[in-house]
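Descriptive analysis of the structure
Here is what each chain is made of, one letter per residue.
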Amino acid sequence: MREKISAKRRIINAILNSLVFSAALIIFVLVILMAGYILFRGLPHITGEFLTTKPNMIRETVGILPNILNTIYIIIITIMIVLPLGVGGAVYLQEYASNKKAVKVIELATETLAGIPSIIYGLVGMLIFVQFFTLGTSLIAGALTLVIMTLPTVIRTTQESLKTVPQSYREGAFALGAGKWYTIRTVVLPSAVDGIITGCILAIGRITGESAALLFTAGMANELLSPLDAVQSDNAGSTLTVSLYMYAKERGDFETAFAVAAVLLFISVIINVSVKIAKNNFKRGEEK
Amino acid sequence: MKKNKIVDIAMRWLFTVCGFLSIIFVIVITVFLVSSGVPAIGEIGIREFLFGTTWASTAKNPEYGILPFILSSVYGTFGAILIGVPFGVLCAVFLAKSSSRKASSVFSSVIELMSGIPSVVYGLVGMIVIVPNVRELFGLPDGANLFSAIIVLAIMILPSVISISQTAIQAVPHEYEEASLALGATKTETIFKVTLPAAKSGILASIVLGIGRALGEAMAVMMVAGNVANMPSLFKSVRFLTTAVASEMSYSSGLQRQALFSIALVLFIFILLINIILNFVVKRERK
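Computed from a prediction, not measured in an experiment: that's the story for all the values here.

Considering the overall build of chain A
Counting secondary structure elements, chain A contains 13 helices and 0 strands. Starting at the N terminus, the α and β elements of chain A follow one another as α-α-α-α-α-α-α-α-α-α-α-α-α. Here chain A has a C-alpha radius of gyration of 24 Å; the compact-globule value for 288 residues is 19 Å, and the former is much larger. On the principal axes, the C-alpha backbone points of chain A span a range of 70 × 70 × 35 Å. Residues counted as buried form 50% of the 288 residues belonging to chain A.

Right under this line is the structure:
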C-alpha cells in the first residue's frame, strides 16, 4: 500500500506531521524552560525567614508571610460564601427548575459572568463593596468580589456532577416517602460530593492566581493580619499575586518577585494534582 | 410531617434565590458600570471619547480620546490570535491523534500546568525575558511594546485554545475518519482534510474564547506593553483598554476617574459582544 502514495503526497504528509510534532515540542520546551527559569531565579531566595516574616524596612529584609496569610484568608472567606451559593444554584437548576426558559436565562447569565474580565470585577467590586457598602479597601471586599467571579465555576462543576446522579436514586427516595429537601440532602448531594470538591479546588486555583480583581478591592498592604482582622472592614492586604506585581512593577525587586513566582508555581502544581485526584475519584464513582 | 413540609417549602425558596443569583449579579454589574460610565461619556461627547486619538487625562486641558486603547486592544488581540491559534490547533491535533499515549498524557499535564500559572507570573517572565530580548533583537530603545504584549498574550491564550480545540477534534465521529482511511487517505491527510474541517465550529469557538481572554487580560499586559497612551504600532509602547483602567485608577479623581469607568464600560460591551458570538457559534454547532 505504502508505495502507491505519490512522492508529493508523501512530502506533504511529512511536512504536516513534523508541523504537529514541532508545535507540541516547542510549547513543551517553552513551558519547561519557563518553569525551570522561575525556579532557578526564585528558589535561592526562598528561606525560612522569607516565608515566616513580614517585610522589615529597617533591617531591609523581605518576607511574604503577610501575603501567604492574606491569600489563605481570602480563599477561606470566598469559598465559605461561594460554596453554598454555587451549590444551591446548581441544585436549583438541576433539581427544582421546571421552567426551561428560566434555566436558559440563568445559564446565559452564568456564562456571561464567566466571561467578564477580572479587571472589570475589580472595578465593580470597588464600586459595590469598597464604596457602596463602605467596607473600604479590605480583604473582605476582595473576597466578596471573588465570590461573584468564582460563582460560575462552582455552579458548573456541581451541575455536571448532579447530572451524573442516577434518576433512580431520587425515585427510590421519593418512593420511600422522603420529601424533596430530605432526598437532596441525604441522597443527591452526597453522591455529587466529588464534583463539588473539584469545583472548590478549581475556584481555589482561580483565587490564588487572581490579581487584577484584587488590586483595587483588597489593596496592596503588607501588614500581618489576624484572622479576626481579615473579616473586618478597612483592613487592606495583598495576596501573593498582587505582591508579586508590586515587587516587580513598582519596586523593581525582581529577586523577591521570582521567589513569589516560585511559590505560586508550587501552589499551582499542588492544585493541578488535587484536581486530577478529585476527578479520578469522580470517575470511579460513576463506574460504580 | 407538617414541619417537614414547611422546611421543604423554605428550602425550595432558598434554592430558587441561589439559582437566580447569577442573573442578579449580571444585572447589578451592568447597572453599576452603566451608571458610573455614562456620565463621563456625556460630558466628553461620545465621538470625542470613542474616536479621539489623544489621551491626556492629567494635562492642563485634559483630552479623553480612547481610540488608542481600543486599537491597541484590537491589534494586540488579533496578533495573539494570529500566533496562538495555529500553534494551539496543531498542539490539539497532537494531543488528540498522537500515536503515543504516554507522550500525549505528559503533554496534557504540561498544558494544565500552563493554564494554572497566574497571569502576573507570565507578566514577570515577559518583563525579564521577552522585553530585553525584543529590545536587543530589533535594536529598540525599549522592548516594552505591543510586540512583546502580543507574544505574552499568544502564550497565555494557548491552554484555552488547545483544550477547546482538542474536545472538538475528539468529538468528530470515527466513521468520518474510517471512511476517509478506507478511501486510501493517509492518517495525516485524514486529520487535516476530514477531521479538522468537521471540527471547524469547535475550533472557531476556541478562537472566540481566546479573543475574550486576550482582550480581558490586564496584569500581564501592564507588565510588558510599556503603558504609554500611544496610537498603536508594533514597536511602540501602548496601553490596552484593560491597562488604561488599571494604570490610572489608584490616583485618579473627578472626570478622569469617571472616564476610566467609561473605558471599563466600553470593554464590558466588547466582552458581551464576544459572548454573544460565542453563544451563536456553539449553538450552530449543536444543530
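And the narrative resumes.
Overview of the overall build of chain B
A count of helical and extended segments in chain B gives 12 helices and 2 strands. In chain B, the succession of helices and strands from N to C terminus is α-α-β-β-α-α-α-α-α-α-α-α-α-α. Within chain B, the proportion of its 287 residues that are buried is 54%. Taking the intrachain contacts of chain B between residues at least 6 apart in sequence as the baseline, contacts between residues at least 24 apart amount to 70%. Counting every atom, chain B has about 13200 Å² of accessible surface; 66% of that belongs to carbon and sulfur. Charged side chains in chain B number 21 positive and 14 negative. The centres of these two groups are separated by 8 Å.

Quick word on the interface of chain B and chain A
Of the residues lining the interface, 71 residues belong to chain B; the matching set on chain A comes to 77 residues. Counting the contacts that link chain B with chain A gives 9 residue pairs in polar contact (both at pLDDT 80 or more). Sort the elements by how many residues they give to the side of chain B that touches chain A and helix α1 (residues 2-44) of chain B lands first, with 19 residues. Grouping the amino acids of the side of chain B that touches chain A by side-chain chemistry returns 51 nonpolar, 15 polar and 5 charged.

With respect to the nonpolar core
Grouped together as the largest cluster of nonpolar side chains are 182 residues, with contacts concentrated most on L244 of chain A together with I263 of chain B. Element by element, the count of residues in this core is highest for helix α6 (residues 146-170) of chain B, at 14 residues. Excluding residues within four positions of it along the chain, I263 of chain B makes contact with F49, W55, I66, F69, L241, A244 and V245 of chain B.

Details of empty space enclosed by the protein
Residue and element names in this part refer to chain B. In the structure shown here, the tally under the stated rule is 1 cavity of 30 Å³ or more. In this structure, the largest cavity encloses a volume near 40 Å³. Here the element with the most residues in the lining of the largest cavity is α6; it accounts for 3 residues. Here the residues of the lining of the largest cavity sort into 4 nonpolar, no polar and 2 charged.

A few points about the packing of aromatic side chains
Here the distance between the centres and the angle between the planes together describe a pair of aromatic rings. Within this structure, the stated rule accounts for 14 aromatic pairs over all chains. Taken together, a centroid distance of 5.3 Å and an interplanar angle of 80 degrees make the contact between F132 of chain A and F133 of chain A edge-to-face. The exposure class assigned to F133 of chain A is partly exposed, which follows from its relative accessible area of 47%. Ring plane angle 50 degrees and centroid distance 5.8 Å describe the contact between W181 of chain A and F15 of chain B, whose orientation is recorded as tilted.

Overview of the packing of helix α1 (residues 7-42) of chain A against helix α8 (residues 187-198) of chain B
Where α1 of chain A contacts α8 of chain B, the axes come no closer than 9 Å and their chain directions differ by 70 degrees. When the axis of α1 of chain A is compared with that of α8 of chain B, the two are roughly perpendicular. Between α1 of chain A, through R9, N13, L16, N17 and V20 of chain A, and α8 of chain B, the contact on the second element is made entirely by T188, E189 and F192 of chain B. A per-class count over the contact of α1 of chain A with α8 of chain B returns 3 nonpolar, 3 polar and 2 charged.

Quick notes on a positive patch on the surface
Taken together, the side chains of K100, K101 and K104 of chain A together with K283 of chain B define a basic patch exposed on the protein surface. A total of 3 residues in the positive patch trace back to one element, the largest contributor, which is helix α4 (residues 100-115) of chain A. Of note, K101 of chain A is situated in helix α4.

A short note on the pattern of salt bridges
Opposite charge on two side chains permits pairing when their charged atoms draw close. On inspection of all chains with the given rule, the structure shows 8 salt bridges over all chains. Put simply, E95 of chain A and R170 of chain A hold a salt bridge, and the shortest N to O gap is 2.8 Å. Of this pair, E95 of chain A sits in helix α3 (residues 65-96) while R170 of chain A is found in helix α7 (residues 167-175), placing the two residues 75 residues apart along the sequence. For E95 of chain A, a relative accessible area of 10% puts it in the buried group. A salt bridge links K97 of chain B to E177 of chain B; the nearest nitrogen and oxygen atoms lie 3.1 Å apart.

Looking at unusual backbone geometry
Residue and element names in this part refer to chain A. Of note, D234 is a non-glycine position whose phi angle comes to about 65 degrees, a positive value. With respect to the helices, strands and loops of the structure, D234 is situated in the loop between α11 (227-230) and α12 (240-250). Assessed through its relative accessible area of 54%, D234 is described here as exposed.

Topic: the confidence of the model for chain A
Residues of chain A with pLDDT of at least 70 account for 97%, and the chain-wide mean is 91. Taking the mean pLDDT of every element in chain A, the minimum, 86, falls on helix α13 (residues 254-287) of chain A and the maximum, 95, on α3 of chain A.

Some points on α1 of chain A
Compared with an ideal rise of 1.5 Å per residue, which puts 36 residues at 52 Å, α1 of chain A spans 51 Å between its outermost C-alpha atoms and is within 8% of the ideal. Among all positions of α1 of chain A, only N13, L16, V20, A23, A24, I27, V31, M34, A35, I38 and G42 of chain A are buried.

Regarding the state of the cysteines
Here a disulfide denotes a covalent bond joining the sulfur atom of one cysteine to the sulfur atom of another. According to the stated counting rule, one finds 0 disulfides over all chains in the structure shown. Summary of cysteine pairing: C200 of chain A is not part of a disulfide, and the nearest cysteine sulfur, belonging to C18 of chain B, is at 15 Å. Residue classification places C200 of chain A among the buried positions, given a relative accessible area of 15%.

Digging into a nonpolar patch on the surface
On the surface, F21, L25, V29 and L33 of chain A cluster together to form a nonpolar patch covering roughly 380 Å² of accessible area. Judged by its relative accessible area of 59%, L33 of chain A falls in the exposed class.

What to know about helix α8 (residues 180-191) of chain A
Taking 1.5 Å as the rise per residue, α8 of chain A with 12 residues should run 16 Å; its terminal C-alpha atoms sit 15 Å apart, in good agreement. Considered for burial, the residues of α8 of chain A that qualify are W181, T183, I184 and V188 of chain A. Along α8 of chain A, the residues classed as buried sweep out an arc of 135 degrees about the axis, all on the same side. The secondary structure elements touched by the buried residues of α8 of chain A are α3, α6 (139-163) and α7 of chain A together with α1 of chain B.

Focus: the packing of helix α3 (residues 67-97) of chain B against α6 of chain B
All names here are of chain B. The geometry of α3 relative to α6 is characterised by a closest axis approach of 5 Å and an angle of 40 degrees between their N-to-C directions. In terms of their interaxial angle, α3 and α6 are classed as oblique. Two packed elements cross with a definite hand, and for α3 against α6 that hand is right-handed. Its residues assigned to classes, the contact of α3 with α6 comprises 22 nonpolar, 8 polar and 1 charged.

Reading the values: rules and limits
- Residues numbered from 1 in each chain as written.
- Chains lettered and ligands numbered in written order.
- Predicted model: local features only at pLDDT ≥ 70, side-chain atom pairs only at ≥ 80, totals over all residues.
- Heavy atoms only, no water.
- Helix = DSSP H or I, 4+ residues; strand = E, 2+ residues; numbered from the N terminus.
- Rg over C-alpha atoms; globule rule 2.2 N^0.38 Å.
- Buried < 20%, exposed > 50% of the residue type's maximum accessible area, 1.4 Å probe, protein only.
- Contact = heavy atoms within 4.5 Å.
- Areas by Shrake-Rupley, 256 points an atom, 1.4 Å probe, with all protein chains shown as cover.
- Lys, Arg positive; Asp, Glu negative; His and termini not counted.
- Charge placed at Lys NZ, Arg CZ, Asp CG, Glu CD.
- Polar contact = N/O pair within 3.5 Å; in protein donor to acceptor, adjacent residues only side chain to side chain.
- Nonpolar A, V, L, I, M, F, W, Y, C, P; charged D, E, K, R; others polar.
- Core = buried A, V, L, I, M, F, W, Y, C linked by side-chain atoms within 4.5 Å.
- 1 Å grid on protein atoms, 1.4 Å probe; cavity = no way out; pocket = protein on both sides within 12 Å on 5 of 7 lines; lining within 4 Å.
- Points joined across faces, edges and corners; volume = space filled by probe spheres on them.
- Phe/Tyr/Trp six-rings, centres within 6.5 Å; stacked < 30°, edge-to-face > 60°.
- Axes fitted to C-alpha atoms, helices over the stretch in contact; angles between N-to-C directions.
- Parallel < 35°, antiparallel > 145°, perpendicular 65-115°, else oblique.
- Patch = residues over 30% accessible without salt bridge, like charges linked within 9 Å, V, L, I, M, F, W, Y side chains within 5 Å.
- Salt bridge = Lys/Arg side-chain N within 4 Å of Asp/Glu carboxyl O.
- pLDDT = per-residue confidence, 0-100.
- Expected span 1.5 Å × (residues − 1).
- Disulfide = S-S within 2.5 Å.
- Arc of directions from axis to C-beta.
- Left-handed = near helix turned anticlockwise from the far one by under 90°.

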